[in-house]
Amino acid sequence: MKDLLIDLWDFMRVRKKFWLAPIIIMLLLLGALIVLTQGSAVAPFIYTLF
């Protein structure tokens, strides 16, 4: 996982694709939100947003 993040950062740095960083961060946050609320009482409210 660490190597993937380092390679991704090197790609963005070399190719000047820093606009990808907010997209990747939002995808990671949404994924974490779905995983963390999978079995909780908050899950039905989260899934109505999507």
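Scroll up for the structure.
So, here is what we can say about the structure in this document.

Thresholds, definitions, all that
- Residues numbered from 1 in each chain as written.
- Predicted model: local features only at pLDDT ≥ 70, side-chain atom pairs only at ≥ 80, totals over all residues.
- Heavy atoms only, no water.
- Patch = residues over 30% accessible without salt bridge, like charges linked within 9 Å, V, L, I, M, F, W, Y side chains within 5 Å.
- Areas by Shrake-Rupley, 256 points an atom, 1.4 Å probe, with all protein chains shown as cover.
- Salt bridge = Lys/Arg side-chain N within 4 Å of Asp/Glu carboxyl O.
- Helix = DSSP H or I, 4+ residues; strand = E, 2+ residues; numbered from the N terminus.
- Phe/Tyr/Trp six-rings, centres within 6.5 Å; stacked < 30°, edge-to-face > 60°.
- Buried < 20%, exposed > 50% of the residue type's maximum accessible area, 1.4 Å probe, protein only.

**What about a nonpolar patch on the surface?**
Stage number 1. Judged by side-chain polarity, Met1, Leu4 and Leu5 come together as a nonpolar surface patch covering roughly 370 Å² of accessible area.
Stage number 2. Structurally, the position occupied by Leu5 is in helix α1 (residues 2–15).

**Comments concerning the packing of aromatic side chains**
Stage number 1. Applying the stated rule across the entire model yields 1 aromatic pair.
Stage number 2. On the numbers, 5.8 Å between centres and 55° between planes, the contact of Trp9 with Phe18 is tilted.
Stage number 3. For Trp9, a relative accessible area of 44% corresponds to the partly exposed category.
Stage number 4. Given the relative accessible area of 41%, Phe18 is considered partly exposed.

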